[in-house]
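Listed below are the residues making up each chain.
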Amino acid sequence: MKNIYTLFITFTLMSCVSVEKYNTHIDKDISVDNLRKDVDVAKKKLLTKHVDIDLYHSKNVIENRLDSFRNSLQNPMKPNDFQREFSKVISSFGHGHTTLSYLQKRATKEEKKKYKKSKSPFTFIDFKEYNERLYLLKNRSKDSTLVRNGEILAINGISFNDFYKENSGIRKGDGFIKTLDGYILTNYYSAFVRNKIGMTDSIVLTMVKNDSIFNQTIIREYTKKKDKKSNISVKNDSIPIKKVEKVAKTKLSKEDKKRKKELAKHKSDVKKYFVYNKSKNDYQRELIFPNKEDSTVAIFKIKSFSISHGKKAYPFIFDSIKKLNIDNLILDVRDNGGGYVSDINYLYSFLTTRNKKQMVTSDDVKVNSKFTMINKYFRKPDVIGYTVGLPLTLYASVKSLFDISKKKDGYYLDIKKNKSLLNQENKYQQNLYVLTNGMSYSATAILSAALQNEGKAIFVGEETGGDYNGTVAGQFIDFKLSNSKLKLLIGIMDYKPNTSRDLIGRGVMPNIPIDMTFDDILNKRDPQLDWILNDIKSKK
């Protein structure tokens with residue numbers, strides 16, 4: 001027992017030292033020689049481990065850009081300053097998923113104890129970047145006096161405009177696409193502010209609305225302790241509460257019980273399959289009727305393809321769409337940054353015009369070598385993978401050797417599986433519109449390309465941030481650069497939609513291009529959706 005206690009104390013002390021050391025490193029300058037060594041390592045990994053690094057630019061061009069950046073390093077830099085400048089070079093290669101991590105400061109033991117059972121002020125606000133400006137999308141704080149939307153100029157005095165100028169270009173869309181640029185910096189700004197101010201009880205938003213500049217404070221909220229005996233605290237001199245007589249419950253018939261049970265299950269299914277987010281009080285999938293007087297028009301909004309229950313969710317949703325007799329479905333995948341291929345595959349099976357078993361992607365994906373998957377499985381020691389999960393790891397490794405074959409232009413992993421080849425009976429066969437913007441990325445762009453190729457849907461909005469011809473994603477390996485401690489994330493699979501086109505490095509182009517303005521967002525106008533609703537109305 002004494003040995004266990006000693007081990008626990010030792011581990012705790014090591015953990016505290018580790019956090020302190022990590023946080024100190026973030027604010028410490030790295031010598032020019034060490035920065036250049038990190039560039040050398042990154043260069044080697046990018047040129048040898050990335051599955052399709054020269055898709056948009058030749059290896060010679062890429063090498064020259066990396067060498068030029070290496071030679072430009074003349075002064076020591078802090079890790080995150082190095083990350084910012086190096087990311088601009090890496091993003092210029094056209095692979096949006098190939099990124100260099102930003103080092104986020106970790107909470108100390110004291111901070112964890114102090115802020116235990118509390119919610120950070122950042123959890124109550126959602127903001128969105130558009131065209132170099134930042135918009136407060138939602139404010140879920142309990143203070144009813146606070147402004148719920150408007151333009152954010154700064155958080156705790158840290159100007160978004162200054163941040164944008166310094167960080168523009170650190171993350172870009174695939175190929176030569178420009179539309180993602182106006183959306184991507186939101187999360188980076190949030191991380192940057194948090195690093196600067198640390199864990200805090202409140203944040204101050206400097207905002208502008210109706211030409212008026214003002215500050216408003218968002219306060220951290222703590223979970224209140226509930227009385228074990230009662231949720232209501234009653235003062236000694238309070239008026240006694242009269243006992244309420246129990247009302248006899250009406251006995252339900254078998255049919256009523258059955259109906260009640262069905263309604264409860266349906267309500268549970270809606271929460272599960274539309275994925276209710278309790279903290280934000282909203283759904284990740286939504287079926288919205290924009291006109292209360294016309295139930296034949298619906299918007300199917302999907303915020304992410306990284307959410308659960310896709311296999312059961314889409315049959316449930318499209319069964320509802322059929323029962324509701326929806327003749328005009330608007331698939332809204334704006335601001336959807338992608339997710340699982342399996343999720344878009346299930347959705348596609350209900351929207352495709354093809355009456356055969358197929359996937360939304362091509363049947364195979366390009367990989368780097370015959371041993372790509374084995375290298376991934378065994379590259380980093382993993383306690384579970386090397387013990388309990390070892391048989392599964394070995395099976396997957398051996399299987400990959402049979403699934404990967406060499407073709408003219410490289411190695412390909414066969415991803416075609418019987419469970420992925422779908423041909424739904426309950427397909428949606430009526431009018432379809434698709435809303436996209438620059439943040440429609442990765443898996444979202446693959447789905448959009450497959451649907452556009454079939455010619456059924458009318459696409460409205462902006463060019464997608466993801467390449468029409470696919471993206472290097474799905475599976476990744478990361479390499480820690482030893483001096484800066486930054487992680488270089490490299491994709492090892494080149495996913496393609498079940499179609500292709502000759503135009504390289506551009507996204508899915510809308511049939512009806514309509515740009516949003518910042519004023520549209522500020523005033524909650526949606527000209528892209530309005531065009532669709534007017535088009536539906538004109539055809540009736």
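Residues numbered from 1 in each chain as written. Predicted model: local features only at pLDDT ≥ 70, side-chain atom pairs only at ≥ 80, totals over all residues. Heavy atoms only, no water.

Visitor: Where do I start with a positive patch on the surface in this structure?
Guide: Together, Lys21, Lys28, Arg106, Lys480, Lys485 and Lys487 line one region of the surface with positive charge. Overall, lysine 485 belongs to the partly exposed group, its relative accessible area being 36%. (Patch = residues over 30% accessible without salt bridge, like charges linked within 9 Å, V, L, I, M, F, W, Y side chains within 5 Å. Areas by Shrake-Rupley, 256 points an atom, 1.4 Å probe, with all protein chains shown as cover. Salt bridge = Lys/Arg side-chain N within 4 Å of Asp/Glu carboxyl O. Lys, Arg positive; Asp, Glu negative; His and termini not counted. Charge placed at Lys NZ, Arg CZ, Asp CG, Glu CD. Buried < 20%, exposed > 50% of the residue type's maximum accessible area, 1.4 Å probe, protein only.)

Visitor: Is there a simple way to explain the nonpolar core in this structure?
Guide: Note that soluble globular proteins tend to have their nonpolar side chains buried in a common cluster. By size, the foremost hydrophobic cluster in this structure holds 75 residues, and its most contacted members are Phe86, Phe318, Leu329, Leu331 and Leu347. If sequence neighbours within four positions are ignored, leucine 331 has contacts with Phe300, Ile302, Leu347, Leu351, Leu432, Tyr433, Val434, Leu435, Leu447 and Leu451. Residues Phe122, Tyr164, Leu180 and Met439 belong to the second largest nonpolar core, which totals 33 residues. (Core = buried A, V, L, I, M, F, W, Y, C linked by side-chain atoms within 4.5 Å. Contact = heavy atoms within 4.5 Å.)

Visitor: Looking at this model, I keep getting lost on the pattern of salt bridges. Mind explaining?
Guide: Working definition: two side chains of opposite charge can pair if their charged atoms are close together. A full pass over the atoms with the stated rule returns 31 salt bridges. Three or more residues are tied together by salt bridges with common partners; here these are Asp81, Arg84, Glu85, Lys88 and Glu166.

Visitor: Looking at this model, I keep getting lost on the sheet that holds strand E14 (residues 328–332). Mind explaining?
Guide: Strand pairing in a sheet relies on backbone hydrogen bonds. The paired strands run either parallel or antiparallel. Strand order in the open sheet formed by six strands is E12-E13-E14-E18-E19-E22, with mixed pairing between adjacent strands. Both edges of this open sheet fall to strand E12 (285–288) and strand E22 (512–513), since each of them pairs with a single strand only. With four bridges joining them, strand E18 (residues 431–436) and strand E19 (residues 458–461) adopt parallel strand pairing. Residue pairing in the sheet places tyrosine 433 in a bridge with isoleucine 458 of E19. Sheet contacts for helix H15 (residues 527–538): strand E13 (297–302), E14, E18, E19 and E22; angle to E18, the most-contacted strand, approximately 165°. (Pairing = 2+ DSSP bridges. Helix = DSSP H or I, 4+ residues; strand = E, 2+ residues; numbered from the N terminus. Axes fitted to C-alpha atoms, helices over the stretch in contact; angles between N-to-C directions.)

Visitor: Whenever I open this one, helix H4 (residues 79–91) confuses me. Can you help?
Guide: One turn of an α-helix holds 3.6 residues; hence residues three or four places apart share an orientation. For H4, which comprises 13 residues, the first-to-last C-alpha distance of 18 Å matches the rise-based estimate of 18 Å (1.5 Å per residue) to within 8%. Within H4, ten of the 13 residues are buried, leaving the element largely enclosed by the surrounding structure. Taken as a whole, H4 has its buried residues at Pro79, Asn80, Phe82, Gln83, Arg84, Phe86, Ser87, Val89, Ile90 and Ser91. (Expected span 1.5 Å × (residues − 1).)

Visitor: Would you mind showing me how to read the environment of glycine 150 here?
Guide: Looking at the secondary structure, you find glycine 150 in strand E5 (residues 150–155). The exposure class assigned to glycine 150 is buried, which follows from its relative accessible area of 0%. Between the alpha carbons of glycine 150 and arginine 171 there is a distance of 25 Å; along the sequence they are 21 residues apart. When near neighbours in sequence (up to four residues on either side) are disregarded, glycine 150 contacts Leu134, Tyr135, Leu136, Met207, Val208 and Leu522.

Visitor: Just checking my understanding: could you explain the pairing of E13 for this structure?
Guide: Summarising burial for E13: six of the six residues are buried, a large majority. Of the strand pairs in this sheet, E12 and E13 are connected by four bridges, and their pairing is antiparallel. For isoleucine 288, the partnering residue across the bridge sits in E13 and is isoleucine 299. Looking at chain direction, E13 and E14 are connected through five bridges and run parallel. Within E14, the position partnered with isoleucine 299 by the bridge is isoleucine 330. Considered for its hand, the β-α-β crossover made up of E13, helix H9 (residues 310–323) and E14 is right-handed. (Right-handed = clockwise from strand over helix to strand, strands pointing away.)

Visitor: Even after reading the chapter, I still don't get the side chain of glutamate 221, so can you show me in this structure?
Guide: Tracing the chain through its elements places glutamate 221 in strand E9 (residues 221–222). Since its relative accessible area comes to 18%, glutamate 221 is described here as buried. Here lysine 142 takes part through its backbone nitrogen, which lies 3.4 Å from a polar atom of the side chain of glutamate 221. Sequence-distant contacts of glutamate 221, defined by excluding residues within four places in its chain, comprise Ser118, Lys119, Phe124, Ser141 and Lys142. (Polar contact = N/O pair within 3.5 Å; in protein donor to acceptor, adjacent residues only side chain to side chain.)

Visitor: Even after reading the chapter, I still don't get helix H3 (residues 59–72), so can you show me in this structure?
Guide: For H3, spanning 14 residues, the distance from its first C-alpha to its last is 20 Å, which sits close to the expected 20 Å at 1.5 Å a residue. Taken as a whole, H3 has its buried residues at Ile62, Leu66 and Phe69. Looking straight down H3, one finds that the buried residues subtend no more than 60° of arc, so they occupy a single side. As for H3, its buried residues are in contact with helix H2 (32–49) and H4. (Arc of directions from axis to C-beta.)

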